[in-house]
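Here is how the chains run, residue by residue.
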Amino acid sequence: MYSGIDLWIEIPMELYQRVCDSVGSSKMERLEFGFKFADIVKERFPELNALILQEIDKWKSEHFGVNVSDKVLYLYGLTSPWFEEE
């Protein structure tokens, strides 16, 4: 069974800064954002959501033979050293 992929996506610095500014600066705010990342991005940052989904689709097209359901690929999360900052 295929459990998932690690896909690194670069986003424009302006978008990154806007997302960071809206989340807040405390560690708890960042952790909550990380746990609810996909939902928050879909609701508040549609351009980031579109960029992420575009990169997922690109990965799928490049790995056409891989048997992975759409449901697995579209349940995405965020990993970043940003969460470790104080």
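See the structure shown above.
Residues numbered from 1 in each chain as written. Predicted model: local features only at pLDDT ≥ 70, side-chain atom pairs only at ≥ 80, totals over all residues. Heavy atoms only, no water.

**Details of the packing of aromatic side chains**
Then, number 1: Counted under the stated rule, the structure contains one aromatic pair.
Then, number 2: Measuring from ring centre to ring centre gives 5.3 Å for F33 and F37, while their planes differ by 80°; the resulting arrangement is edge-to-face. When sorted by exposure, F33 lands in the same class as F37, which is buried. (Phe/Tyr/Trp six-rings, centres within 6.5 Å; stacked < 30°, edge-to-face > 60°. Buried < 20%, exposed > 50% of the residue type's maximum accessible area, 1.4 Å probe, protein only.)

**Notes on the pattern of salt bridges**
Then, number 1: With the rule as written, the count across this model stands at three salt bridges.
Then, number 2: Across the salt bridge formed by R18 and E47, the nearest N and O atoms sit 2.6 Å from each other. With R18 in helix 1 (residues 13–23) and E47 in helix 4 (residues 46–62), the pair connects residues that are 29 residues apart, well separated along the chain.
Then, number 3: Since its relative accessible area comes to 34%, E47 is described here as partly exposed.
Then, number 4: With a shortest N-O distance of 3.3 Å, E32 and K36 are connected by a salt bridge.
Then, number 5: Judged by its relative accessible area of 44%, E32 falls in the partly exposed class.
Then, number 6: Here the salt bridges do not stand alone but share partners, grouping E14, R18 and E47 into one network. (Salt bridge = Lys/Arg side-chain N within 4 Å of Asp/Glu carboxyl O. Helix = DSSP H or I, 4+ residues; strand = E, 2+ residues; numbered from the N terminus.)

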